[in-house]
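Given next are the chains, with one letter for each unit.
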Amino acid sequence: MTPQPGMQQGPKYIFVTGGVASALGKGITSASLGRLLRNRGWRVTLLKFDPYVNVDAGTMNPFQHGEVFVTDDGAETDMDLGHYERFIDQNLTRDNNTTTGKIYAAVIARERRGEYLGGTVQVIPHVTNEIRDEITRVARTQGADIMVVEVGGTVGDIESLPFLEAIRQFKFHVGEENVMYIHVSLIPFLRGAGELKTKPTQHSVKELRGIGIQPDVLVCRSERPLSGSLREKLSLFCDVPPEAVIQSVDAQSIYEVPLILEDEGLPRIVERRLRLPERVPDHAEWRAMVERLRHPTSTVRIVLVGKYVGNEDSYISIEEALRHGGIAAGSRVLITKQDSEELEGLDDPGVTARLAGYDGILICPGFGARGVEGKVNAARFARERRVPFFGVCYGMQWAVVEFARHVCGLEGANTTEVDPRTPHPVIDLLPEQKAVTDKGGTMRLGLYPCRLTPGSLAGEAYGVPDVEERHRHRFEVNNDYLPILTSHGMRVTGLYPGRQLVEIVELTDHPWFVGTQFHGEYRSRPNRPHPLYREFIAAALRQTQRPAAHLPKEPFTPAPNR
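Starting from 1, residues in each chain are numbered consecutively following that chain's sequence as written. With pLDDT at 70 or above as the cut-off, local features in this predicted model cover only qualifying residues; side-chain atom pairs require 80 or more to be listed or tallied, and sums for whole chains, interfaces and linings still use all residues. With hydrogens and water excluded, all non-hydrogen atoms of the structure serve as input to the side-chain values.

Novice: Is there a simple way to explain helix H4 (residues 100-112) in this structure?
Specialist: Along an α-helix, residues three or four apart share an orientation, since each turn contains 3.6 residues. If you check H4, its first and last C-alpha atoms are 18 Å apart, about what 13 residues at 1.5 Å a residue would give, namely 18 Å. Throughout, exposure labels follow a simple rule: accessible area from a 1.4 Å probe, protein chains only, divided by the maximum for the residue type, with under 20% read as buried, over 50% as exposed, and the rest as partly exposed. Helix and strand labels come from DSSP, where a helix needs a run of H or I of at least four residues and a strand needs a run of E of at least two; each type is numbered from the N terminus. Buried residues of H4: Thr100, Gly101, Ile103 and Val107, and no others. The buried residues of H4 occupy one face: seen down the axis, they fall within an arc of 160 degrees. The residue sitting at the N-terminus of H4 and contributing the capping side-chain oxygen is threonine 99; that oxygen lies 3.3 Å from the backbone nitrogen of glycine 101. Among the residues trailing H4, glycine 114 stands out with phi positive, at a value near 80 degrees. A helix is expected to span 1.5 Å multiplied by its residue count minus one. The arc in question is the one traced by the directions running from the helix axis out to the C-beta atoms. For this analysis, a polar contact is any N or O atom pair within 3.5 Å, provided that within protein one partner can donate a hydrogen and the other can accept it, and provided that sequence-adjacent residues contribute only side-chain to side-chain pairs.

In structure tokens:
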């Protein structure tokens, strides 16, 4: 198609859809492609479309949705934005995640203002136009040469149809040479038949073509390599060139995926399809990082104590930040999850049986009363047994509660989130939060400054006096209790200077005990690990120093690849 006069020129757009099943790796594929293009010098941004009707992910239960990721500007987003940031090493914003709820809210607001001039408001063209305008607006404001747009869900879902229709129309607005479509689909291996099957992908592409979208590339997720005959079959039946049938076999680490896709030739296909000049990539930093990841010299065992361990995606950013610390230390990080609810009511031998043998204990964030006494038990175990400890947000708050009860002698100390009538509210709401009734987007969210105490564990880790970190919480350490807490050996080593709010606590008589009110994991990258996660892993390694060769070889388990 030749662009008509007045047709938009500028950014190139790559749309990524998914077929057969969810959780195949659209997010990792999109993020990996972004990294490969960025390593060629292109300015890249990513956009995630989520078909759910929630305005954002902030009120969604981690058991259903997995982790909520928070950006610098305080947006509560889909966890794929965390993958995007970690891969392209670039801070994103609320503009990089759009939901059905957000689109419909914008359309309804336009209708209420009379902007449709009395016309009947319909999915086509009004909703699809809003989606199209969102794509071009984000690409323009972020100055992208190439935008990768991931459409959440699976082709065939009713919720994603407006987004698919919008991206179908998109090529007519910007020109076919500026748009391409990548379809990520499953090639299942049937053990009974002993072979890979292409039929589910054929049906998925048929569904996509029925909507009017012909994929330019198939990214085939499988647990085994595709034979040449299978690729030819997919090429023939899905009307995709043979070289554009890309295999993405299960990898040990998600950070290997960009190199797998590079070897499969995906970036070259993108350059040819979008009529981009071929550029020589610079993957040196990424390859060096992956080499360190593949060849650890030691192993460290970390236990995560949390409330949402039933969902593998609940603590993705924390797990990745721990692995980033392991990459920096040349160590393999083995992560075990312990349900905090199971620790409730256990005596000391029972808690010891669950937590002994780990080199570090991390208490995860969360909300609400369920399982919190298990977090208290874990914090006490780490403090008394001198095990390296990291408390994140709610995890830090329960470490403060435990210290207040068992070291300061404040019987019944608690957070007013759980016990509004506690005699010692060591964790409490700020005055301006007490009148808040809406749940969505009303917490202390996004980037806030933190001033560090020189010579502290945190100060040494960061190496600078002032930092900024991302937050997602409503309750704070009660400053009225700081005198008694600090007189018993708890140090406040990080403060939000504007309000003198506690950001970091440490214990003086402990090898490494740190709690943060913020979520440092959100800003950690595989090539630039977060300082506190890096130092936590280093402290845990000092506990053990066991060579990796002396430990039993772990079976291969594919990386979470969403």
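Further notes follow.
Novice: Would you mind showing me how to read empty space enclosed by the protein here?
Specialist: A 1.4 Å probe that fits into a set of points on a 1 Å grid over the protein atoms alone but cannot get out defines a cavity; an open set with protein on both sides within 12 Å along at least five of seven lines defines a pocket, and lining residues are those with an atom within 4 Å of a point. Grid points are joined across faces, edges and corners, and a volume is the space filled by probe spheres set on the points. What the rule picks out here adds up to one cavity of 30 Å³ or more. Taken together, Val400, Val477, Leu482, Leu485, Thr486, Met490, Val492 and Val505 make up the lining of the largest cavity. Those elements giving two or more residues to the lining of the largest cavity turn out to be helix H18 (482-487) and strand S21 (490-496). A total of three residues in the lining of the largest cavity trace back to one element, the largest contributor, which is H18. Each residue belonging to the lining of the largest cavity can be placed in one class, and the counts come to seven nonpolar, one polar and no charged. In this classification, Asp, Glu, Lys and Arg are treated as charged, Ala, Val, Leu, Ile, Met, Phe, Trp, Tyr, Cys and Pro as nonpolar, and every other residue, Gly included, as polar.

Novice: Just checking my understanding: could you explain a nonpolar patch on the surface for this structure?
Specialist: Patches here: salt-bridge-free residues with over 30% relative accessible area, like charges joined within 9 Å, nonpolar side chains (Val, Leu, Ile, Met, Phe, Trp, Tyr) joined within 5 Å. Surface accessibility in these figures is a Shrake-Rupley result with a 1.4 Å probe; residues are shielded only by whichever protein chains are displayed. By convention in these notes, a salt bridge is any Lys or Arg side-chain nitrogen within 4 Å of a carboxyl oxygen on Asp or Glu. Taken together, the side chains of Tyr104, Ile108, Val123 and Ile124 define a hydrophobic patch exposed on the protein surface, amounting to about 340 Å² of accessible area. When contributions to the nonpolar patch are tallied by element, the ones reaching two or more residues are H4 and helix H5 (123-141). Along the polypeptide, tyrosine 104 turns up in helix H4.

Novice: Explain the nonpolar core to me, please; I cannot follow it from the model alone.
Specialist: General note: in soluble globular proteins, nonpolar side chains tend to be found buried as a group. Nonpolar core, defined: a set of buried Ala, Val, Leu, Ile, Met, Phe, Trp, Tyr and Cys residues in which side-chain atoms within 4.5 Å join the residues together. The biggest cluster of nonpolar side chains holds 55 residues, and the ones touching the most others in it are Ile14, Leu37, Ile182, Val217, Leu234, Leu266 and Val270. The leading source of residues in this core is helix H1 (residues 26-38), at five residues. Any two residues whose heavy atoms approach within 4.5 Å at even a single point are treated as in contact. Those residues within four positions of valine 270 in sequence are excluded, and the remaining contacts are Ile14, Leu33, Leu37 and Met180. Listed in part, the 39 residues of the second largest apolar core include Val303, Ile363, Ala413 and Val502.

Novice: Just to check I follow, could you spell out the confidence of the model for the chain for this structure?
Specialist: Should the pLDDT be low somewhere, the predicted coordinates at that spot are not to be read in detail. How sure the predictor is of each residue is captured by pLDDT, a score from 0 to 100. Mean pLDDT for the chain: 91, with 92% of residues reaching 70 or above. In the model, residues 1-8 has pLDDT below 50 throughout and makes 16 contacts with residues more than four positions away in sequence or in other chains. Segment residues 546-556 is flagged for pLDDT under 50; beyond a separation of four residues in sequence, or across chains, it makes 21 contacts in the model.

Novice: What should I look at first to understand the pairing of S21 in this one?
Specialist: Across a regular strand the side chains alternate sides, sitting on one face of the sheet and then on the other. DSSP-based pairing: two strands are paired if at least 2 bridges between them are found. Sheet analysis places strand S18 (residues 444-452) next to S21, joined by two bridges and oriented antiparallel. Considered in S21, the bridge of leucine 452 is made with glycine 494. Here S21 pairs with strand S22 (residues 501-507) via six bridges, running antiparallel. When the sheet's bridge partners are listed, leucine 495 is paired in S22 with valine 502. In this structure, the hairpin formed by S21 and S22 is closed by a connection of four residues, where glutamine 500 is found at a positive phi of approximately 55 degrees.

Novice: For this particular structure, what's the right way to read the sheet that holds strand S2 (residues 44-50)?
Specialist: Strand pairing in a sheet is mediated by backbone hydrogen bonds. Such pairs are either parallel or antiparallel. Pairing is parallel in the open sheet, where seven strands are placed in the order S5-S2-S6-S1-S7-S10-S11. Two strands bound the open sheet, and with one partner strand each, they are strand S5 (97-99) and strand S11 (245-249). Taking the axes of each pair of neighbouring strands and ignoring which way they run, one obtains an average angle of 20 degrees across the sheet. Pairing of strand S7 (residues 179-186) with strand S10 (residues 217-222) involves five bridges; the strand directions are parallel. Directly across from serine 185, in S10, lies its bridge partner cysteine 220. Working convention: axes come from line fits to C-alpha atoms, limited for helices to the stretch in contact. Angles between N-to-C directions cover 0 to 180 degrees.

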